[in-house]
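Spelled out, the chains give:
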Amino acid sequence: MPSEKILSQKQAYVAELREKIAGSVAGVVVDYKGINVADDTKLRKELREAGVEYAVVKNTMLRLAIKDTGIEGMSDVLEGSTALAISKEDPIVAAKILNKFAEDSKGAFSIKAGYMDGAAMTKAEVEELAKLPGREGLLSMLLSALTGNLRGLAVAINAIAEKNAEGGEVA
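This report concerns the structure included in the present document. None of the values given here were measured: they were computed from a predicted structure.

Thresholds applied
- Residues numbered from 1 in each chain as written.
- Predicted model: local features only at pLDDT ≥ 70, side-chain atom pairs only at ≥ 80, totals over all residues.
- Heavy atoms only, no water.
- Salt bridge = Lys/Arg side-chain N within 4 Å of Asp/Glu carboxyl O.
- Buried < 20%, exposed > 50% of the residue type's maximum accessible area, 1.4 Å probe, protein only.
- Helix = DSSP H or I, 4+ residues; strand = E, 2+ residues; numbered from the N terminus.
- Contact = heavy atoms within 4.5 Å.
- Phe/Tyr/Trp six-rings, centres within 6.5 Å; stacked < 30°, edge-to-face > 60°.
- Pairing = 2+ DSSP bridges.
- Axes fitted to C-alpha atoms, helices over the stretch in contact; angles between N-to-C directions.

**Overview of the pattern of salt bridges**
(1) Moving on: A complete count under the given rule lists 7 salt bridges for this structure.
(2) Moving on: Two residues, Lys-33 and Asp-31, come together in a salt bridge whose shortest N-O distance is 3.2 Å.
(3) Moving on: Taking relative accessible area as the criterion, Asp-31 reaches 10% and is therefore assigned buried.
(4) Moving on: Taken together, the shared-partner salt bridges in this structure form one network comprising Glu-16, Lys-20 and Glu-53.

**Notes on the environment of Val-28**
(1) Moving on: Here Val-28 lies in strand β1 (residues 26–31).
(2) Moving on: Classification of Val-28 as buried rests on a relative accessible area of 3%.
(3) Moving on: Those residues in contact with Val-28 that sit more than four places away from it in its chain are Ala-83, Leu-84, Ala-85, Ala-94, Ala-95, Leu-98, Ile-111, Ala-113, Gly-114 and Val-126.

**Section: the packing of aromatic side chains**
(1) Moving on: Using the criterion set out here, one finds 1 aromatic pair in the structure.
(2) Moving on: Ring centres 4.9 Å apart and planes at 85 degrees place the aromatic pair Phe-101 and Phe-109 in the edge-to-face group. Summarising the burial analysis for this pair, Phe-101 and Phe-109 share the class buried.

**Focus: the sheet that holds strand β5 (residues 119–121)**
(1) Moving on: In space, the 5 strands of this open sheet follow the order β2-β3-β1-β4-β5, with antiparallel pairing throughout. The open sheet terminates on both sides in strands that have one partner only, identified here as β2 (52–56) and β5. For this sheet the average axis-to-axis angle between neighbouring strands, irrespective of direction, equals 20 degrees.
(2) Moving on: As judged from the 3 bridges shared by strand β4 (residues 110–116) and β5, these two strands associate in the antiparallel manner. Looking at β5, one finds that Met-116 is bridged to Ala-119.

Rendered as structure tokens:
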């Protein structure tokens with residue numbers, strides 16, 4: 001049985017981890033075995049620049065932190081070496097960076113599961129999420145669709161005005 005001091009430290013860590021998860025929009029759980037120090041440093045730098053918090057976590061601590069939450073379904077994959085990437089703002093960025101890194105590492109690094117908006121996601125769902133365009137890409141697609149419709153409306157109105165002008169009618 002651990003001492004009271006160690007037990008209270010672990011309880012504080014679990015509470016802090018639960019708070020971080022609850023305050024985030026998305027997260028990804030990965031298996032980091034086989035990654036070397038240079039690649040890990042590069043990955044951590046890229047995640048930090050994107051506003052993603054990345055840390056190695058103990059499976060038991062993470063299992064306790066997600067207990068009685070909507071993402072408790074991730075408990076099944078909490079085996080072996082585990083790291084957690086938490087994104088507080090952009091729900092796609094952590095999945096994008098980690099999925100790209102997993103593809104480049106050829107099996108030494110892999111995605112286990114994830115969560116978004118309080119719901120657990122499987123490895124396949126995280127990989128699909130990673131294939132979506134980022135926030136800026138989605139906004140540009142939306143603006144393109146909106147301006148395309150407006151452009152079509154303007155062309156139609158202009159054609160009607162030109163037709164009326166040719167017919168001698170005043171618009």
